[in-house]
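Listed below, chain by chain, are the residues.
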Amino acid sequence: MASPSQLTALLSFLLLSLFATVSVCEASNENVLNAEIGRLNNQSLLWGPYRPNLYFGVRPRIPKSLATSLLWAKVDNYVDVQNSFRYTCEQNEGMAGYGWDEYDTRKGGIQHIHDAGNKVDITTEFVKIPGGGHGGSWAARIKGEPRDDAPPDLKTTVVFFITSEALGETVDVAEGGDEHGFDDDVTFVGQSEALGKYKLAVTKGKGDHPRSEHPISAQRDLDKTIVQSLNFPAEHLWQAKAILFQQLKAGVDEIIKEYGAENAPPPWQVYQLGNRPGSGNVHMVQKVFEGPFEFDILFSSDSSGKDTTSEDLTREIKSTTEAFNDRFAEVFAPQAPFNSDKYRKFGRSMLSNLAGGIGYFYGQHVVDRSYAPEYDEENEGFWEETAEARGRKQEQLEGPYELFSSIPSRPFFPRGFLWDEGFHLLPVADWDIDLTLEIVKSWYNLMDEDGWIAREQILGEEARSKVPPEFQVQYPHYANPPTLYLVLESFTERLQKTNGSQHMGKDEHLSQGAVLESAHVDNPSLGIEYLRSLYPLLRRQFLWFKKTQSGDIKGYDRDAYSTKEAYRWRGRSVQHILTSGLDDYPRAQPPHPGELHVDLISWMGMMARSLAKIADFVGLPEDVQEYNKVFDDISHNLVDLHWSKDAGCFCDATIDEFEEHNLVCHKGYISLFPFLLGLLQPDDPNLGKLLDLLGDEEELFSPHGIRSLSKKSEFYGTDENYWRSPVWININYLAIVQLRNYALNPGPYSQKAKDLYVQLRKNIVETVYESWEETGFAWEQYNPETGKGQRTQHFTGWTSLVVKIMALDDLSWWTGSASHQRDEL
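Keep in mind it's a predicted model, so treat the numbers as computed, not measured.

Asks: I'd like a rundown of the state of the cysteines, residues and numbers included.
Replies: Tallied over the full model, the rule gives one disulfide. A disulfide bridge connects Cys 651 with Cys 665, and the sulfur atoms are separated by 2.0 Å. Between Cys 651 and Cys 665, the S-S torsion sits near 100 degrees, and that sign places the bridge as right-handed. A residue pair is termed long-range when its members are at least 10 positions apart, and Cys 651 in the loop between β21 (649–650) and β22 (652–655) and Cys 665 in the loop between β23 (661–664) and α17 (669–676) qualify at 14 residues. Looking at Cys 665, the relative accessible area reads 30%, which means it is partly exposed.

What follows is the structure in structure tokens.
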């Protein structure tokens, strides 16, 4: 294995060679560069805390492999232990906040868990140590510190849980210890096809242990580390808490049988496992502490040639922290008025928790491929027909599939969501574009032959355990907003600026890390090849949208510039269009097969614009012409089919009782979509009307962001009130970006856009920050009247867009006379 300095020299040589005179040698170097950067990407991203549904769970991006997790509980009484064990992230579990304070997916980071219920603060420090041919080694340091309200002799038990998921691949306990446990480190050895040979050591660590005078102390030594090794069916390995409770109960039963309930040992000894180390696919490593504690977990790949040590861990933690803080200051430095330490700390936390929510998922999902005609929703009363079709229960398991994805919320939505993902990746792309492209590719690997990707990826039993059965089934007729195109359009624009102008970004030389974070931009040939390989899937998806989500123009004699460009979400019920992402936002009543949805035609316009740029970049002029025509048709049809002069905004449309085209105007997010996706020209009079609506405090503008629905609407704050008043950060982000773009582009509304940009940017950042400071969490949505976070806590998906918002320039001083930066997304 080349050293980092040798590798940097090799890559620098290849980068220089890439832009030499075209020759056979150049082509060879280009192939070598492509292969080497691909290999390094796989290596540096192999391991991670890729089980984000857990407070701490490390695994590789490999199906059926080694997986680890952490559990802990306060054990000072007999009654509360069952409800005190922490394992999966849960809402309302007595946490005073938790999450990553700094985290880089390629290097590692530091997480703090403020467990008020157990009166202990847990710190997990995780780092990767490159070397060898199997993704390198890694290490973690687990610390516990009693909280201020804890007794000085707080009793805490900690269990490190190890599983080997592949059939026949067990892990063994190396020699050491005695029949009662281990006085020193515990070492496991294993081997697998994907990881080769490896060692996993759990160190003795630091900390006092509680005492007991009970006779059972001769068998249960609280000073020792306990190891219990088991074999379980592979399908149960994710249920660590259930497995642990089963073994604890067996131990409790033995105690009661031998000593009786009245003569039981103290609880911290009752809830100690029996020491039974050996070979198995499950290993539980238990320690019992009194007061503060600390221990290390050291994974060593045999291919690295050396064992990972605690000294390595200490060094890498320091290095990782320094590198993260320096890079954050470079990429996401908050701009005025947010350029103070409190906002920098806030920004680092938000970015880290977004990246810390990246996970690897593997398993089957539930799909109804009956292709029942009812799902086309072509008849009046179609929602009753689709309910009957679903009632036939024709779904089946498909797969297994794998997905590398950033999740919306660790406790509540620990799985992949298609329309969330594009928003998640916008900040990630600024930090690490190559990581972003890996995640995008992972999503498109899920596409079927028709061009459909399930909007919610519920892969495997563990994922399904968090989802009610009625929401598990995916339907190949149903779409979701194509937000990944926002990411790909931005990537293409970055690539266009790099291609032909510079070959190595702004640095004269690149470190290994910098190469991997931006290789597909720094080396245009890699970026072009990525887009070229992805393009057929993008086109297939676009054509799938046009075929399956089309709206009817001719059938109702609608007058429009184009007879083709109109769209309607499938998956509609009376109260919801879950497929739109905007769930309960008011739509036409009753539902009608002649409906047209302004948000969907706007998404289609954005797709066509993005695809035109990509097709142009990969050299497909006929496709560019096709997409440009679609975009032009959509631009006209937005006005012909969706603009209301009376309401002064864009609206959904339906067919009235006279079989006539009729606009249904519920002012709110839906009304703004052509603006939100940048489809309007700076001098478009309709833009001025939308800015008036957006800035009206009696309609959408609030001190805490843009409301999802107008305050004047009869539906404001009604029923579920999910998208019927609350402030959502993803939509406000789109608005802020477009306000900035229109402010910086000459036009009659640039001053109005600038004023709204300055105020909205300030309102959103302060709302999210103040709620985070008060509660310790980012939230799914915010109350437009009070600014309080609400619904799902630890919603570190698209709420993390606040990091990009803070990094946008302060335009409060700007008069429109100076040149400025490029358009943002």
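Asks: Tell me about the confidence of the model for the protein chain, residues and numbers included.
Replies: Mean pLDDT over the protein chain: 92, with 93% of residues reaching 70 or higher. This stretch, residues 1–25, has a pLDDT under 50; its non-local contacts, to residues over four places away or in other chains, come to 38 contacts. Below pLDDT 50 for its whole length, residues 500–514 participates in 21 contacts with residues either more than four positions away or in separate chains.

Asks: Please set out unusual backbone geometry residue by residue, giving values where relevant.
Replies: Ala 336 connects to Pro 337 through a cis peptide bond whose omega is 5 degrees. Pro 400 follows Gly 399 through a cis peptide bond whose omega is 15 degrees. Within the element layout of this structure, Pro 400 appears in strand β17 (residues 396–406). Of note, the phi angle at Asp 557 is positive, near 50 degrees, even though the residue is not glycine. For Asp 719, which is not a glycine, the phi torsion comes out positive at approximately 50 degrees. Relative to the helices and strands, Asp 719 resides in the loop between β25 (705–706) and α19 (729–744).

Asks: Please provide a residue-by-residue account of the layout of surface pockets, values included.
Replies: Empty space left among the atoms is revealed by rolling a probe the size of a water molecule over them. Of the pockets and cavities examined, the second largest pocket occupies roughly 1100 Å³. Forming the boundary of the second largest pocket are 40 residues, of which Arg 455, Glu 456, Phe 471, Leu 578 and Asp 583 lie nearest the centre. Breaking the lining of the second largest pocket down by element, the ones donating at least two residues are α8 (382–391), α9 (418–431) and β27 (789–793). It is α8 that contributes the most residues to the lining of the second largest pocket, three residues altogether. Of the residues in the lining of the second largest pocket, the class split is 19 nonpolar, nine polar and 12 charged.

Asks: Quick rundown of the side chain of Ser 580? Include the residues and the values.
Replies: Considering the arrangement of structural elements, one finds Ser 580 in the loop between α14 (524–548) and α15 (598–617). The class for Ser 580 is buried, based on a relative accessible area of 2%. At a separation of 2.7 Å, a polar atom in the side chain of Ser 580 contacts the main-chain carbonyl oxygen of Ile 577. The residues contacting Ser 580, other than those within four sequence positions of it, are Pro 481, Trp 569, Arg 587 and Asp 599.

Asks: For the environment of Ser 409, give the residues involved together with the corresponding values.
Replies: When you line up the elements, Ser 409 lands in the loop between β17 and β18 (416–417). Between the alpha carbons of Ser 409 and Ser 349 there is a distance of 14 Å; along the sequence they are 60 residues apart. Those residues in contact with Ser 409 that sit more than four places away from it in its chain are Pro 414, Thr 792, Gln 793, His 794 and Phe 795. Side-chain polar atoms of Ser 409 contact the backbone nitrogen of Phe 412, separated by 3.4 Å. Of the polar contacts made by the side chain of Ser 409, one reaches the backbone oxygen of Gln 793; its length is 3.4 Å.

Asks: So what's going on with the packing of helix α10 (residues 433–444) against helix α12 (residues 484–498)? Residues and values would help.
Replies: As a packed pair, α10 and α12 sit with axes 11 Å apart at the nearest point and diverge in direction by 135 degrees. By the angle between their directions, the pair α10 and α12 is classed as oblique. Every pair of crossing elements has a handedness; the one defined by α10 and α12 is left-handed. On α12, the residues that touch Ile 433, Thr 436, Leu 437, Val 440, Trp 443 and Tyr 444 of α10 are Leu 484, Tyr 485, Val 487, Leu 488, Phe 491 and Arg 494. A per-class count over the contact of α10 with α12 returns 10 nonpolar, one polar and one charged.

Asks: So what's going on with the packing of aromatic side chains? Which residues, and what values?
Replies: Taken as a whole and assessed by the stated rule, the structure comprises 44 aromatic pairs. Pairing Tyr 98 with Phe 777 gives two aromatic rings, centres 5.8 Å apart and planes at 80 degrees, and the pair type is edge-to-face. One end of the pair, Tyr 98, is in strand β4 (residues 95–104); the other, Phe 777, is in the loop between α20 (750–775) and β26 (779–782), and 679 residues separate them in sequence. The residues Tyr 98 and Phe 777 share a single accessibility class, namely buried. When the centroid spacing of 6.2 Å and the interplanar angle of 45 degrees are considered together, the rings of Trp 419 and Trp 723 count as tilted. Taken together, the residues span a long stretch of sequence, with Trp 419 in helix α9 and Trp 723 in the loop between β25 and α19 at a distance of 304 residues. Here the aromatic cluster, defined as three or more aromatic residues joined through ring pairs, consists of Phe 412, Phe 413, Phe 417, Trp 419, Phe 423, Tyr 669, Tyr 722, Trp 723, Trp 728, Phe 795 and Trp 798. Taking NZ or CZ as reference, Lys 287 lies 5.5 Å from the ring centre of Phe 295, over its face.

Asks: Tell me about the environment of Asp 115, and please be specific about residues and values.
Replies: With respect to the helices and strands, Asp 115 occurs in strand β5 (residues 108–115). With near-sequence residues (within four places) excluded, Asp 115 lies in contact with Trp 72, Arg 86, Gly 94, Met 95, Val 120, Asp 121 and Arg 147. Polar contacts involving the side chain of Asp 115 include one to the side chain of Trp 72, which spans 2.9 Å.

Asks: Can you break down the pattern of salt bridges residue by residue, with the values?
Replies: According to the stated counting rule, one finds 56 salt bridges in the structure shown. Of the charged contacts in the structure, one is a salt bridge between Glu 294 and Arg 141, with a shortest N-O distance of 3.7 Å. On the criterion of sequence distance, the pair formed by Glu 294 in strand β15 (residues 282–301) and Arg 141 in strand β7 (residues 137–146) is long-range, its members being 153 residues apart. Of the two residues, Glu 294 and Arg 141, neither departs from the other in class, the shared state being buried. Ionic contacts of the salt-bridge type, sharing partners, join the residues Asp 104, Lys 107, Arg 327 and Glu 517 into one network.

Asks: Tell me what's going on with the nonpolar core, and back it up with residues and numbers.
Replies: Residues Phe 188, Tyr 444, Phe 675 and Trp 723 are the most contacted members of the largest nonpolar core, which totals 189 residues. Considering every element that reaches this core, the biggest residue donor is α15, with 13 residues. Residues contacting Phe 675, with those up to four places away along its chain left out, are Leu 680, Leu 687, Leu 690, Leu 691, Leu 694, Ala 735, Gln 738, Leu 739 and Tyr 742.

Asks: Tell me what's going on with a negative patch on the surface, and back it up with residues and numbers.
Replies: A surface patch of like charges, here negative, comprises Glu 380, Asp 557, Glu 659 and Glu 660. Relative to the elements of secondary structure, Glu 660 occurs in the loop between β22 and β23.

Reading guide: rules and limits
- Residues numbered from 1 in each chain as written.
- Predicted model: local features only at pLDDT ≥ 70, side-chain atom pairs only at ≥ 80, totals over all residues.
- Heavy atoms only, no water.
- Disulfide = S-S within 2.5 Å.
- Helix = DSSP H or I, 4+ residues; strand = E, 2+ residues; numbered from the N terminus.
- Buried < 20%, exposed > 50% of the residue type's maximum accessible area, 1.4 Å probe, protein only.
- pLDDT = per-residue confidence, 0-100.
- Contact = heavy atoms within 4.5 Å.
- 1 Å grid on protein atoms, 1.4 Å probe; cavity = no way out; pocket = protein on both sides within 12 Å on 5 of 7 lines; lining within 4 Å.
- Points joined across faces, edges and corners; volume = space filled by probe spheres on them.
- Nonpolar A, V, L, I, M, F, W, Y, C, P; charged D, E, K, R; others polar.
- Polar contact = N/O pair within 3.5 Å; in protein donor to acceptor, adjacent residues only side chain to side chain.
- Axes fitted to C-alpha atoms, helices over the stretch in contact; angles between N-to-C directions.
- Parallel < 35°, antiparallel > 145°, perpendicular 65-115°, else oblique.
- Left-handed = near helix turned anticlockwise from the far one by under 90°.
- Phe/Tyr/Trp six-rings, centres within 6.5 Å; stacked < 30°, edge-to-face > 60°.
- Lys NZ or Arg CZ within 6 Å of the ring centre and 35° of its normal.
- Salt bridge = Lys/Arg side-chain N within 4 Å of Asp/Glu carboxyl O.
- Core = buried A, V, L, I, M, F, W, Y, C linked by side-chain atoms within 4.5 Å.
- Patch = residues over 30% accessible without salt bridge, like charges linked within 9 Å, V, L, I, M, F, W, Y side chains within 5 Å.
- Areas by Shrake-Rupley, 256 points an atom, 1.4 Å probe, with all protein chains shown as cover.
- Lys, Arg positive; Asp, Glu negative; His and termini not counted.
- Charge placed at Lys NZ, Arg CZ, Asp CG, Glu CD.

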